[in-house]
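The chain contents come next:
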Amino acid sequence: GEDGEAEEFIPVATTRPETILGDSAVCVHPEDDRYKHLIGRDVLVPIQGRRIPVIADAYVDREFGTGALKITPAHDFNDFEIGQRHGLENH
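Read on for a plain summary of the structure.

Cut-offs and rules
Each residue is numbered by its place in its chain's sequence as written, counting from 1. Totals for whole chains, interfaces and linings use every residue, but because this is a predicted model, local features are given only for residues with pLDDT of at least 70 and side-chain atom pairs only at 80 or more, for both listing and counting. Side-chain numbers come from the whole structure's heavy atoms, not from hydrogens or water. Think of it this way: any DSSP run of H or I at least four residues long counts as a helix, any run of E at least two long counts as a strand, and we number them from the N terminus. Burial classes follow relative accessibility: with a 1.4 Å probe on protein chains only, a residue under 20% of its type's maximum area counts as buried, one over 50% as exposed, and anything between as partly exposed. For this count, His and the chain ends are skipped, Lys and Arg are scored as positive, and Asp and Glu as negative. Salt bridge, as applied in this entry: a Lys or Arg side-chain nitrogen positioned within 4 Å of an Asp or Glu carboxyl oxygen. Should any heavy atoms of two residues lie within 4.5 Å, those residues are considered in contact. Side-chain atoms within 4.5 Å link the members of a nonpolar core, which is a set of buried Ala, Val, Leu, Ile, Met, Phe, Trp, Tyr and Cys residues.

Focus: the side chain of Asp-79
Phase 1 of the analysis: One can find Asp-79 in helix α1 (residues 77–86).
Phase 2 of the analysis: Among buried charged residues, Asp-79 stands out as having no salt bridge; its nearest opposite-charge side chain is Lys-70, 6.2 Å away.
Phase 3 of the analysis: Excluding residues that lie within four positions of it along the chain, Asp-79 makes contacts with Lys-70, Ile-71, Thr-72 and Pro-73.

Structure, rendered in structure tokens:
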């Protein structure tokens with residue numbers, strides 16, 4: 001990674017891979033110990049290599065899937081609401 005940081009991954013599962021190009025953030029629950037250390041850092045969007053932030057929001061269900069949610073404000077109403085709360089750009 002950059003600046004001597006170890007390379008890490010956040011696994012995000014999706015049934016709509018075509019929306020990846022519109023992702024604005026990866027969202028995790030603020031109390032999820034698996035990802036707390038990544039909140040506020042950037043991750044790379046697969047294929048594009050575009051940087052997006054890791055944000056924390058209680059909307060995320062820690063028990064569902066990987067506990068990490070890709071946020072695509074232009075595609076989903078709930079994602080749009082999260083994007084508004086966190087000041088995310090629409091892609």
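Read on for the rest.
With respect to the nonpolar core
For soluble globular proteins, nonpolar side chains are generally found buried alongside one another.
Phase 1 of the analysis: Formed by Ile-10, Ile-20, Val-26, Val-28, Tyr-35, Leu-38, Val-45, Ile-52, Val-54 and Ala-68, the largest nonpolar core amounts to 10 residues.
Phase 2 of the analysis: Core analysis: the next-biggest nonpolar cluster, separate from the first, contains 7 residues, Ala-25, Ile-55, Val-60 and Leu-88 among them.

Quick notes on the pattern of salt bridges
Phase 1 of the analysis: Taken as a whole and judged by the stated rule, the model has 6 salt bridges.
Phase 2 of the analysis: Two residues, Glu-18 and Arg-16, come together in a salt bridge whose shortest N-O distance is 2.4 Å.
Phase 3 of the analysis: The exposure class of Glu-18 is partly exposed, given its relative accessible area of 49%.
Phase 4 of the analysis: Looking at Arg-16, the relative accessible area reads 38%, which means it is partly exposed.
Phase 5 of the analysis: Asp-57 is paired through a salt bridge with Arg-85; the nearest N and O atoms lie 3.1 Å apart. One end of the pair, Asp-57, is in the loop between β3 (51–56) and β4 (68–71); the other, Arg-85, is in helix α1, with 28 residues separating them in the sequence.

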